[in-house]
Amino acid sequence: MSQQHPQQPAQPYPPQQPGSGAPEPQPPKKRGIGRIAGLGCVGVIALFAVAAVATGGGGDSGDGSNKDKAVTADSKREKDRPAAEKSQAEQFRACVAEDGTKTEKAAVEHVTKVTGADKRNDILDAAEVYTDFQGGLTGPHQGEGKLIASAFTSCYESDNGLVTVYDENGEILANANY
């Protein structure tokens, strides 16, 4: 017969003493400073947004003088009207006709509508130029779209403006900072 050794009952590990190499639990982090800083940043951003709305004029519902008007092909009527009565598209074409290159003038003939060029606050100006081209960003008229965007940057200035040129289906042809 074989002799069996009795098994000793499992002993729990001895408690570890501080400084014995085992990591100590970290006290909970104080989040007060981070929370205050985060709320402060949100407050500053909200303040800028309110200031931008307040200085932008806000209510232009009664002002219809510079709204987009239908573009006419009659250049005689276009030249006879004062600049304040011309649509934004007509004003843009007149600027390019005066200062643009031959290729810019040819491309701008396809502009049907311009919006956002009359309201600039130098914070975030976004103008849109609509054309009768087709094909979007990868279509055959991408080059003309870039020419129109370039011509727009020559006619208008802003500290932080973006002009976007669209085709007749509302797809982006090009964009540029102005």
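For the structure given in this document, a descriptive report is provided here. (Residues numbered from 1 in each chain as written. Predicted model: local features only at pLDDT ≥ 70, side-chain atom pairs only at ≥ 80, totals over all residues. Heavy atoms only, no water.)

**Describing the sheet that holds strand β4 (residues 172-177)**
What the four strands build is an open sheet, ordered β1-β2-β3-β4; its pairing is mixed. Strands with a single pairing partner mark the edges of an open sheet, and in this sheet they are β1 (111-115) and β4. Geometrically, the sheet is characterised by an average inter-axis angle of 15° between neighbouring strands, direction not taken into account. Pairing of strand β3 (residues 161-166) with β4 involves five bridges; the strand directions are antiparallel. Note on β4: the bridge partner recorded for L162 is N177. The sheet contacts of helix α3 (residues 88-99) involve β1 and β2 (125-131), and relative to β1 the element is tilted by about 110°. Each of β1, β2, β3 and β4 is contacted by helix α5 (residues 142-155), which is oriented at about 30° to β4, the strand it contacts most. (Pairing = 2+ DSSP bridges. Helix = DSSP H or I, 4+ residues; strand = E, 2+ residues; numbered from the N terminus. Axes fitted to C-alpha atoms, helices over the stretch in contact; angles between N-to-C directions. Contact = heavy atoms within 4.5 Å.)

**Points about the state of the cysteines**
One covalent bond between the sulfur atoms of two cysteine residues makes up a disulfide. If you walk through the whole model with that rule in mind, you get one disulfide. In this model C95 forms its disulfide with C155; the gap between the sulfur atoms is 2.1 Å. Measuring handedness by torsion sign, the sulfur bridge of C95 and C155 sits at about -105° and is left-handed. With C95 in helix α3 and C155 in helix α5, this pair connects stretches of sequence that are 60 residues apart. (Disulfide = S-S within 2.5 Å.)

**Regarding the pairing of β3**
Taking burial as the measure, the six residues of β3 include five buried ones, the bulk of the element. By the bridge criterion, six bridges tie β2 to β3 in an arrangement that is parallel. Residue pairing for β3: Y130 is matched across the bridge by Y166. With α5 bridging β2 and the parallel β3, this β-α-β connection has right-handed handedness. The loop that links β3 with its antiparallel partner β4 comprises five residues; one of these, G170, has a positive phi angle of about 85°. (Buried < 20%, exposed > 50% of the residue type's maximum accessible area, 1.4 Å probe, protein only. Right-handed = clockwise from strand over helix to strand, strands pointing away.)

**So, the nonpolar core**
By size, the foremost hydrophobic cluster in this structure holds 20 residues, and its most contacted members are F92, V111, V114, V129, I148 and F152. Secondary-structure elements contributing two or more residues to this core are α3, α4 (102-108), β1, β2, α5 and β3. If you tally residues by element for this core, the top one is α5, at four residues. (Core = buried A, V, L, I, M, F, W, Y, C linked by side-chain atoms within 4.5 Å.)

**Notes on the packing of aromatic side chains**
This model, assessed by the stated rule, comprises five aromatic pairs. Their ring planes at 40° and their centres at 6.4 Å tell us that F92 and Y156 sit as a pair that is tilted. Remark: Y156 occurs in the loop between α5 and β3 and F92 occurs in helix α3; sequence separation between them is 64 residues. Classification of Y156 by relative accessible area gives buried; the value is 10%. (Phe/Tyr/Trp six-rings, centres within 6.5 Å; stacked < 30°, edge-to-face > 60°.)

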